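# Structure at a glance
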Amino acid sequence: MYMLNLAIVLPFIVALIVPLLYKTLKRVHTGWFVLLVPIVLFIYLVQFIPNVARGEVHLSEVPWIPSLGINFTAYLDGLSLILALLITGVGSLVVLYSIYYLSKERESLGHFYVYLLMFMGAMLGVVFSDNLMVLYLFWELTSISSFLLIAYWYHRRQSRYGAQKSMLITVTGGIGMLAGFIMLSTMMDTFSIREIIANVSQYTDHTLFIPAMLLVLLGAFTKSAQFPFHIWLPDAMEAPTPVSAYLHSATMVKAGIYLVARFTPVFGGDAVWFWVVSIVGIVTLFWGSFNAVRQTDLKALLAYSTISQLGLIMSLLGIGSAAMYFDVANAESAVYSMAIFTALFHLVNHSTFKGALFMVVGIVDHETGTRDIRKLGGLMAIMPVTFTLAVVGSFAMAGLPPFNGFLSKEMFFTGVLDVTQLSFFSIDTWGMLFPVIAWIASVFTFVYSMILVFKTFLGKHQPEKLEKTAHEAPIGMLISPVILASLVVVFFFFPNVIGDYLIQPGYAAVMPAFVGVEGTETMFNISAWHGVNTELLMTLGVIGFGIVLYQLWPKWQGVYALFPRKLTLDNLYNYSLITVENQSTKMTNRYMTGNMYHYMVYIFIAIIVVVTGAVAYTGAIQIDISDNAPISIYEGFLAVVMAVTALAIPFAKSRLTGILLNGVLGYLLALFFVFFRAPDLALTQLVVETVSAALFLLCFYFLPEWEKEKRRPRIKVMNAIIAVSVGTLVTVLALSVQSNRFFESISSFYENAYELAGAQNIVNAILGDFRAFDTMLEVVVLLIAGLGVYVLIKLKPKKDERGQDVEGE
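Residues numbered from 1 in each chain as written. Predicted model: local features only at pLDDT ≥ 70, side-chain atom pairs only at ≥ 80, totals over all residues. Heavy atoms only, no water.

### As for a nonpolar patch on the surface
The following threshold applies: Patches here: salt-bridge-free residues with over 30% relative accessible area, like charges joined within 9 Å, nonpolar side chains (Val, Leu, Ile, Met, Phe, Trp, Tyr) joined within 5 Å. Computed with a 1.4 Å probe, the accessible areas rest on the Shrake-Rupley method; for each residue, only the protein chains presented here act as cover. Here, a salt bridge means any Lys or Arg side-chain nitrogen found within 4 Å of an Asp or Glu carboxyl oxygen. Counting from the N terminus, the helices are DSSP H or I runs at least four residues long and the strands are E runs at least two residues long. The buried label goes to any residue with under 20% of its type's maximum accessible area, the exposed label to any with over 50%, and the partly exposed label to all in between, with areas taken from a 1.4 Å probe on protein chains only.
Together, M3, L6, V9, I13, L16, I17 and L20 line one region of the surface with nonpolar side chains, adding up to about 640 Å² of accessible area. Mapped onto the secondary structure, L16 falls in helix α1 (residues 3-24). For L16, a relative accessible area of 71% gives the class exposed.

### Examining the side chain of S129
This is how the line gets drawn: Each polar contact in these results corresponds to two N or O atoms within 3.5 Å; when the atoms are within protein, one needs to be able to donate a hydrogen and the other to accept it, and residues that are neighboring in sequence are counted only if both atoms are side-chain atoms. Two residues form a contact once any of their heavy atoms are found within 4.5 Å.
Here S129 lies in the loop between α6 (109-128) and α7 (132-150). By relative accessible area, S129 is classed as buried at 4%. A distance of 2.4 Å separates a polar atom in the side chain of S129 from the backbone oxygen of G125. The residues contacting S129, other than those within four sequence positions of it, are T73, V134, L135, F138 and I193.

### Some thoughts on the pattern of salt bridges
In the structure shown here, the tally under the stated rule is ten salt bridges. When the shortest N-O distance is used, the salt bridge between R262 and D77 registers 2.8 Å. Of this pair, R262 sits in helix α13 (residues 252-267) while D77 sits in the loop between β2 (70-76) and α5 (78-101), and the two are 185 residues apart along the sequence. Summarising the burial analysis for this pair, R262 and D77 share the class buried. A salt bridge links E105 to K104, with the shortest nitrogen-to-oxygen separation between them at 3.3 Å. Under the relative-accessibility criterion, E105 is labelled exposed at 61%. A residue is classified by how much of its surface remains accessible, and K104, at 32% relative accessible area, is partly exposed. Shared partners join several salt bridges into a network, and the residues in it are K165, D235 and D570.

### Some remarks on the nonpolar core
Note that soluble globular proteins tend to have their nonpolar side chains buried in a common cluster. Just so we agree on the cut-off: Buried residues of nine kinds, namely Ala, Val, Leu, Ile, Met, Phe, Trp, Tyr and Cys, make up a nonpolar core once their side-chain atoms join them within 4.5 Å.
In this structure, F128, F181 and F263 are the most contacted members of the largest nonpolar core, which totals 217 residues. It is helix α17 (residues 338-368) that provides the largest number of residues to this core, a total of 18 residues. In contact with F181, not counting residues within four places along its chain, are L132, M133, L135, Y136, V216, L259 and F263. Y597, I608, I715 and V726 belong to the second-largest nonpolar core, a separate cluster that totals six residues.

### As for unusual backbone geometry
With an omega of 5 degrees, the peptide bond running from F227 to P228 counts as cis. In the segment running from P401 into P402, the intervening peptide bond is cis, with an omega of 0 degrees. Its location among the elements puts P402 in the loop between α18 (384-398) and α19 (404-418). Within the chain, D189 stands out as a residue other than glycine whose phi angle is a positive 55 degrees. The residue D189 is located in the loop between α8 (157-188) and α9 (193-199) in this model. Classification of D189 by relative accessible area gives exposed; the value is 72%. Not every positive phi belongs to a glycine, and A225 is a case in point at roughly 55 degrees. With respect to the helices and strands, the residue A225 is situated in the loop between α10 (209-223) and α11 (232-235). For A225, a relative accessible area of 0% puts it in the buried group.

### Details of the packing of aromatic side chains
Formally: Note on ring pairs: Phe, Tyr and Trp rings are taken, using the six-membered ring of Trp, and paired if centres are within 6.5 Å. Classes follow the plane angle, with under 30 degrees stacked, over 60 edge-to-face and the rest tilted.
Following the criterion strictly, the structure yields 38 aromatic pairs and no others. With a centroid separation of 5.1 Å and 85 degrees between ring planes, the pair formed by F112 and Y113 is classed as edge-to-face. Residue class for F112 comes out buried when judged on its relative accessible area of 0%. Residue Y113 is classed as buried on the basis of its relative accessible area, which comes to 0%. Pairing F290 with F444 gives two aromatic rings, centres 5.3 Å apart and planes at 85 degrees, and the pair type is edge-to-face. One end of the pair, F290, is in helix α14 (residues 271-292); the other, F444, is in helix α21 (residues 433-457), and 154 residues separate them in sequence.

### A closer look at the packing of α7 against α10
The condition that has to hold: All axes are obtained by fitting lines to C-alpha atoms, using only the stretch in contact for helices, and the reported angles, taken between N-to-C directions, cover 0 to 180 degrees. Throughout, the term roughly parallel applies to angles under 35 degrees, roughly antiparallel to angles over 145, roughly perpendicular to angles from 65 to 115, and oblique to all others. Two helices cross in a left-handed way if the nearer one is turned anticlockwise from the farther one by less than a right angle. They cross in a right-handed way if the turn is clockwise. As a working rule, the residues Ala, Val, Leu, Ile, Met, Phe, Trp, Tyr, Cys and Pro are called nonpolar, Asp, Glu, Lys and Arg charged, and the rest polar, with Gly in that last group.
The interhelical angle for the contact between α7 and α10, taken along N-to-C directions, is 25 degrees, at an axis separation of 12 Å. In terms of axis orientation, α7 runs roughly parallel to α10. As for the relative orientation of α7 and α10, their crossing is left-handed in sense. Taking contact as the criterion, the partners of W139, T142 and S143 in α7 are, on α10, G219, A220 and K223. In the contact of α7 with α10, the residues fall into two nonpolar, three polar and one charged.

### Examining the side chain of Q462
Position of Q462 relative to the elements: it lies in the loop between α21 and α22 (475-493). According to the relative accessible area criterion, Q462 is buried, its value standing at 15%. In this view, Q462 contacts R374, K375, L376 and G377; residues no more than four positions away in its chain are not counted.

### Overview of the environment of S145
Inspection of the secondary structure assignment puts S145 in helix α7. A residue is classified by how much of its surface remains accessible, and S145, at 0% relative accessible area, is buried. In this structure, the C-alpha to C-alpha distance between S145 and M118, residues 27 residues apart in sequence, is 6.2 Å. Ignoring sequence-local partners within four residues, the contact set of S145 consists of Y115, M118 and F119.

### Structural notes on the pairing of strand β1 (residues 58-65)
Threshold: For two strands to be treated as a pair, DSSP must find no fewer than two bridges joining them.
Bridging between β1 and β2 involves seven bridges; their strand directions are antiparallel. Across the sheet, residue E61 finds its bridge partner in β2, namely T73. From the end of β1 to the start of β2, which pair antiparallel, there are four residues, and G69 there has a positive phi angle of about 75 degrees.

### A closer look at helix α15 (residues 298-321)
The line we're drawing: One less than the number of residues in a helix, times 1.5 Å, gives the span that helix is expected to have.
The end-to-end C-alpha distance of α15, which contains 24 residues, comes to 35 Å, matching closely the 34 Å that a straight helix rising 1.5 Å per residue would cover. Counting buried residues in α15 gives 24 out of 24 residues, a clear majority hidden from the surface. The distance from a side-chain oxygen at the start of α15 to the backbone nitrogen of K299 is 2.8 Å, and the residue carrying that oxygen is D297.

What follows is the structure in structure tokens.
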């Protein structure tokens, strides 16, 4: 019943055992034990494919905080199944690859696999969670675990920097997303995503609808490295290659894509959603591909290519959401929703070829000691298998047949061409930019794909520049990229197998209104040949211009010099971080002076500003003394004497005078108790005041003479203003509290003290009966304090025969 919940928790459970396995079974690589987890989960999830393909959904709920509507609800539909299979399937291959990539003698594998399992479980929690708060919990767990994975080689400065950068950007976006989730739950009175989707039509005009949308997108854009938040992904490449292959090609960066797809039924059809998602996606596509060409580090090139491909998928999700603008689902409007289908198809394709490419780059780095393109070349004859894998992955990324990237790239061109035919959202003005930008970005994609293959594996071999003697990778390290590269080819020749059983159910989860629309039976048929059409001509143009740009690369690379290095988003991030740190240090140094006087001034000013502002804003000050008891002449005279005594204390010129005046206040207060017919309280006050005065005198006897503080007149005036303001504020609050009673007083309960407790003295009854435990504990506290004082007095250092201190027994 709770198997889906268990599937999420299983990686966390095994993560607790990994340190024990690492310490006790050192002869066996810890990865072999960890490998069982994603394999078992993948096999378990594969069993759902037939049922989900028939339109079934699976729900499993464990109560957590039902009073707040927060339950651990796991929900499996077509969309979550696609992501879950990628998480576990690619996860299995990554763990297998890491067994040969990471040495069990030199690496702390116990830490690595704990972090990896934490991330795997968190990602499964993100894609399965139906509850917004639970989704957010796992969302931030992915940020934390990815931070630990990126900083795995923490002795490297760049690893620590990249981990911090990714953490700050993604967590900041996550906090914004949390605010959006709270707005959604406030509007619709539920945390369930299913219920929100079902009832959203009633709230599209709500004032919080657009702010909630933008905040949710903030979380998605930061996590999926969309412009301008993409800057964390290249620096995250300092992580070990298995981490890059897993987090930054198949899983973590896809979490933002998943979030946009999951909330398309909520916000899709709105002009703001369409324009923001589409524009951010298409700009990210171009900017990532444009910057990938200039990289000299293979992993940096793949990082920017990942940014570009994520932008492609994001733009398709935005374009496809326009279909929801139509009130009635029909074949004509369903055509535009094909962009959603394409986005999910390319999401799967990208995970296969990009995962293989990351592993290829890891092999090159592992076997040559460098990822610098300028030092590489001529590796084709030395590493033929790795070269073949690089060709398959790179050509798929470039969108060439016979590889799966060609299919989804052609469908992408169809999507950006279709958007120009829409007649709403002002598409007729700006719509033509979509195919133009998409085509230019595709040209750069072709160029950097060729650079990856030809600059690395062809040309002149430069062994003198390599840190190691280049050789082919061991078979174990090649298994995972070979499987992924094989899928790249298989998906090209049999695309409708995955299309029918995975992509269509995922599409149905995102666009439920268009499922089964008449006239769309052939819409989801994926094929490599559609005749000579605009998409094919665009592809031929990409290849032609791409070859020209690649051949002329030395002549036009100077265009990148037109972008000043100082005016980059990375520099803006670094400058902002340094500025915030410096300003916070200055601010801290201003108030952390080590002077008690300054601290008291800050505290009192804060009290005055905050409390006064709060009561003024809420209108809480209401003073009513009409029901107060009359004040007798004796009570008035006594109050005046106490006020004069209190005012005299700050002007006392010696400690003795100050202590005596303070004692006078205490004794005058005892007189008030006498006037109010409470002799026991008066007696207690007299005893306490007498003992306190004696103790004060005893302590101050050993202190130096009281020296008058010399302060400037301005400081004295400020002190007086603060003192009068605090005193006035407290007095007004006390009078206001007395004048506002929202509940019946409990004093009437104690009036029956004789009947309830058999006591004729109400104070004694309260202390001895009604507050018996409280009074007893107060006595215990006094006893402990007395014992402490006694022990400190008795534990005097012993003297030896020469009168010197010796240690006590």
